[in-house]
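# Coordinates in review
In case you want the letters, here they are:
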Number of protein chains: 2
Amino acid sequence: MNSRRDFLQKLTAATIVLPSLPACASGSSKGPSMKSYDGPVLRVAIMGLGSYGTRVAEAMQSCRKAKLVGVISGTPSKIKAWQAKYNIPEKNCYNYENFDSIKDNPDIDAVYVITPNALHHDQVIRVAKAGKHAISEKPMAVNAKEAQEMIDACKNANVKLLVGYRMHFEPHTLEIIRMRKAGDFGKIMFFQGLSGFVIGDPKQWRLNKQLSGGGAMMDIGIYSINGSRYMTGEEPVWVTAEETKTDPEKFKEGVDETIQFQLGFSSGAVASCLSTYKMNFLDRFFLNGEKGFAELNPATGYGPIEGRTNKGELKQPIVTHQTVQMDEMSDIILKGKQPIVPVDGQEALKDLKIIDAIYLAVKTGKKVDLAV
Amino acid sequence: MNSRRDFLQKLTAATIVLPSLPACASGSSKGPSMKSYDGPVLRVAIMGLGSYGTRVAEAMQSCRKAKLVGVISGTPSKIKAWQAKYNIPEKNCYNYENFDSIKDNPDIDAVYVITPNALHHDQVIRVAKAGKHAISEKPMAVNAKEAQEMIDACKNANVKLLVGYRMHFEPHTLEIIRMRKAGDFGKIMFFQGLSGFVIGDPKQWRLNKQLSGGGAMMDIGIYSINGSRYMTGEEPVWVTAEETKTDPEKFKEGVDETIQFQLGFSSGAVASCLSTYKMNFLDRFFLNGEKGFAELNPATGYGPIEGRTNKGELKQPIVTHQTVQMDEMSDIILKGKQPIVPVDGQEALKDLKIIDAIYLAVKTGKKVDLAV
């Protein structure tokens with residue numbers, strides 16, 4: 001049985017949870033892992049209590065700087081179960097009709113929107129209008145236009161807008177970025193990202209264009225898009241793309257099954273990537289520079305990330321991505337910390353402009369120039 | 001100092017030469033390595049005494065079924081040196097003006113043409129007209145039209161035409177092909193080939209369009225093209241491609257520096273490949289099926305090939321490619337043996353049709369359909 005969760009946990013018997021690990025990705029404290037924290041804590045409500053929302057909630061139990069304090073769901077039985085499990089007071093529970101009233105709740109700082117992609121736009125804007133910081137799962141929206149509207153709404157409401165780019169805090173990933181910035185690989189020439197898994201249940205929302213906004217590209221291809229940017233440290237200036245669909249019954253109009261896409265960067269570096277719902281356990285990044293290389297495999301799954309460079313195997317801490325992400329997001333929101341790789345709305349907008357361009361390139365069969 | 005030879009010997013301190021190893025790639029004799037051979041021996045003249053010709057000559061010293069008996073060169077001093085080293089009689093030495101008279105030499109069976117790409121066409125046709133079997137280094141020609149003419153000429157002269165596809169006899173490569181045919185990887189979905197090195201001396205013939213017929217694609221990209229076919233076991237039905245040129249001084253008009261190309265197969269499998277003269281030590285193949293994967297890295301260099309599949313590391317014999325190739329070609333020419341993967345003119349024609357299509361796709365920016 002193949003499912004998205006199975007994929008992301010891939011090849012690893014179990015995600016190694018180190019509940020006491022500090023947010024070491026930030027390069028901060030290396031002291032005793034249970035070191036007490038007496039700074040401000042980000043109080044978070046999760047919107048959407050599905051499988052990923054559940055994963056985030058579990059991971060947040062190990063957070064020091066963030067705490068799950070509320071829920072927003074359309075399913076009363078789920079709310080009850082979460083209340084019991086996470087000790088959530090009744091007054092912090094909302095449904096999709098009444099959650100605008102969260103503006104009157106002083107005990108919630110931020111809402112983490114973990115709902116189907118196409119709903120993020122309206123929900124994030126409602127969160128912003130309620131005066132709460134918004135964290136959106138990725139893709140933040142289903143196109144760049146919506147992303148810009150979300151950015152504008154959060155700016156107007158004077159709240160932060162962050163996106164669940166958990167890899168931006170992952171130690172192996174950050175070590176490669178550090179090495180690249182230090183010049184260890186020389187001039188960057190090539191990035192390759194292969195992102196895919198075999199999607200299961202044909203009735204799930206991820207295969208419903210109205211809810212997903214697309215197919216594999218929105219869900220898993222975005223890892224290669226985003227990876228091409230943080231691994232190379234550059235923004236692409238052109239895109240070409242080719243779509244292959246072998247199962248039009250399962251992957252209906254507007255739901256992409258397999259897309260190869262190529263990116264060009266102004267330095268002359270290029271990227272060749274694959275996004276697919278038809279191949280299992282495909283989660284490989286490869287970065288090639290004039291002096292060295294780096295590879296991650298798996299590169300973005302929930303389980304331990306593994307990698308090596310021309311200098312040998314990467315030996316970084318294994319962390320629970322969502323734990324580190326939420327602790328770091330607490331510092332970003334409450335202390336104005338600047339993450340090494342941005343996780344804000346502008347970052348998501350850049351990815352969505354590329355996704356728009358990929359879909360356009362597929363449609364026209366032509367190279368699409370990306371306006372800087 | 002980067003050179004093509006350095007690249008192909010890459011990362012290995014030295015090519016491991018096993019002079020006594022039988023042609024184990026053929027799956028034949030597994031007996032004592034010095035087992036005597038009393039069958040027919042292919043008597044070969046090498047045309048073009050450059051670095052690769054030298055490598056082939058050295059490797060042939062370990063052949064049991066093929067023997068270097070003649071030379072064709074425009075440089076008298078080279079001929080003298082080779083005569084001394086390989087005990088070549090004066091009567092088996094030719095230059096580019098007089099080699100047609102090889103037709104009157106009963107002591108030479110075949111001529112291995114190892115000259116600049118653009119010369120293969122005329123030279124192979126002259127060899128055929130002289131009634132000798134022709135072995136051409138790859139690319140066999142600089143386009144499909146020339147390739148067809150060479151095939152026709154050899155057919156008309158009733159001689160064999162083979163091409164130096166040494167990987168077609170390489171044990172790790174053949175083991176993956178065996179596993180793929182046995183269904184070990186399930187339905188094949190994706191191939192990735194990355195082929196490149198940083199080319200040195202800007203004055204070498206490989207960067208002269210008149211002699212090379214192109215750039216990196218002709219020289220090293222062809223490994224990914226050919227690999228996409230023998231690894232997947234399919235022929236592509238479409239091609240897209242993007243060229244990037246960062247150094248137009250070194251890589252003049254018609255000499256490609258970096259090309260990304262994508263192939264689609266009728267099964268729905270796809271390939272994403274890179275051909276480049278601007279990145280070092282890039283020699284990776286990855287084959288992904290519904291049930292498993294295989295990877296080779298290095299995949300095509302002269303040194304030991306290394307690979308693994310989902311079942312673990314490949315443990316195949318390390319062979320000197322050119323030794324095995326020439327022993328196998330002896331059996332193909334003299335005994336009518338059918339190799340596991342073809343090495344004839346038709347095989348080269350298929351690659352050249354793809355190269356033609358890649359160059360057309362680069363020029364037009366459009367997907368090119370490959371007529372079956």
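Residues numbered from 1 in each chain as written. Chains lettered and ligands numbered in written order. Predicted model: local features only at pLDDT ≥ 70, side-chain atom pairs only at ≥ 80, totals over all residues.

## Remarks on the overall build of chain A
Note the threshold: Numbered from the N terminus, helices here are DSSP runs of H or I no shorter than four residues, and strands are runs of E no shorter than two. We compute the radius of gyration from the C-alpha atoms alone; for a globule the expected value is 2.2 Å times N to the 0.38, where N is the number of residues. The exposure scheme places C-beta atoms from the backbone and then counts, for each residue, the other C-beta atoms within 10 Å of its own, assigning buried at 20 or more, exposed at 12 or fewer, and partly exposed in between. Contact between two residues is assigned whenever their backbone-derived C-beta positions fall within 7 Å.
Secondary structure summary: chain A contains 10 helices and 15 strands in total. Relative to its length of 372 residues, chain A is compact, with a C-alpha radius of gyration of 20 Å against a globular reference of 21 Å. Burial statistics for chain A: of 372 residues in total, 55% are counted as buried. Residue pairs at least 24 apart in sequence account for 72% of intrachain contacts in chain A once pairs closer than 6 positions are excluded.

## Quick word on the sheet that holds strand β1 (residues 42-47) of chain A
Sheet strands pair by backbone hydrogen bonding; their relative direction is either parallel or antiparallel. Heads up, the rule is: Between any two strands, pairing holds if DSSP finds at least two bridges.
On the basis of which strands lie adjacent, the open sheet formed by six strands has the order β3-β2-β1-β4-β5-β6 (chain A) and parallel pairing. Where the open sheet ends on each side, the last strands, each with one partner, are β3 (93-94) and β6 (161-163) of chain A.

## A look at the interface of chain B and chain A
Let me state the cut-off plainly: All amino acids are sorted into three groups, where Ala, Val, Leu, Ile, Met, Phe, Trp, Tyr, Cys and Pro are nonpolar, Asp, Glu, Lys and Arg are charged, and the leftover types, Gly among them, are polar.
At the interface, 22 residues of chain B touch 22 residues of chain A. Contributions of two or more residues to the side of chain B that touches chain A are made by β7 (188-196), β8 (236-244), β9 (258-265), β10 (270-276) and β11 (282-289) of chain B. Looking at which element gives the most residues to the side of chain B that touches chain A, the answer is β9 of chain B, with four residues. When grouped by side-chain class, the residues that make up the side of chain B that touches chain A number six nonpolar, 11 polar and five charged.

## Quick word on the pairing of β11 of chain B
All names here are of chain B. Here β11 lies mainly inside the structure; eight of its eight residues are buried. Neither face of β11 is left uncovered, since the one carrying L282, R284, F286 and N288 and the one carrying D283, F285, L287 and G289 both have all their residues buried. One ladder, built from eight bridges, connects β7 with β11; its direction is antiparallel. Bridging from a neighbouring strand, F190 pairs with N288 of β11. Here β11 pairs with strand β12 (residues 293-296) via four bridges, running antiparallel. Across the sheet, the residue bridging to F286 is E295, located in β12. Connecting β11 to the next strand, β12, in antiparallel fashion are three residues.

## Concerning the pairing of β8 of chain B
All names here are of chain B. The buried count for β8 comes to seven of nine residues, which makes it a mostly enclosed element. Looking at chain direction, β8 and β9 are connected through eight bridges and run antiparallel. Residue pairing in the sheet places T244 in a bridge with T258 of β9. Relative to strand β15 (residues 368-369), β8 is paired through two bridges, and the arrangement is antiparallel.

## Quick look at the nonpolar core
Filter applied, for reference: By our criterion, buried Ala, Val, Leu, Ile, Met, Phe, Trp, Tyr and Cys residues that link up through C-beta atoms within 7 Å make up a nonpolar core. An automatic or database domain assignment supplies the start and end points of every domain.
If you look at the biggest cluster of nonpolar residues, it comprises 214 residues, and the most contacted ones within it are I46, A134 and I358 of chain A together with I46 and I358 of chain B. Counting the residues that make up this core, at least three belong to each of domain 1 (17-166) and domain 2 (167-317 + 345-369) of chain B.

## Some thoughts on the relation of the copies chain B and chain A
For clarity, the cut-off: To superpose the copies, least squares is applied to the C-alpha atoms of every residue with a pLDDT of at least 70 in both.
In the superposition of chain B on chain A (RMSD 0.0 Å, axial shift 0.0 Å), the rotation amounts to 180 degrees. When the rotation and shift are considered jointly, the pair of chain copies conforms to a two-fold rotation axis. Looking at chain B, 95% of its interface residues are interface residues in chain A too, so the copies touch through the same face.

## Side note on helix α8 (residues 216-232) of chain B
All names here are of chain B. Rules: Helix span, as expected, comes to 1.5 Å for every residue beyond the first. Two axes define the bend at a residue: one fitted to the seven residues ending there, one fitted to the seven starting there, and the bend is the angle between them.
Here α8 spans 23 Å end to end across 17 residues, near enough to the 24 Å set by a 1.5 Å rise per residue. Along its length, α8 reaches its greatest deviation from straightness, about 50 degrees, at I222. Most of α8 is tucked away: 17 of the 17 residues are buried. Looking at the residues trailing α8, positive phi occurs at G233, about 75 degrees.

## Some thoughts on the sheet that holds strand β1 (residues 42-47) of chain B
Residue and element names in this part refer to chain B. Note the following rule: Angles here are taken between N-to-C directions and fall from 0 to 180 degrees, while the axes themselves are lines fitted to C-alpha atoms, restricted in helices to the stretch in contact.
A sheet is described by the order of its strands in space; here six strands give the open sequence β3-β2-β1-β4-β5-β6, paired in parallel fashion. With one partner strand each, in any of the chains shown, β3 (93-94) and β6 (161-163) form the two edges of the open sheet. Direction of pairing for strand β5 (residues 133-136) relative to β6: parallel, over a ladder of three bridges. In the strand pairing of β6, I135 is matched with L162. Across the face of the sheet, helix α2 (residues 51-60) comes into contact with β1, β2 (66-72) and β4 (110-113) while running at roughly 150 degrees to β2.

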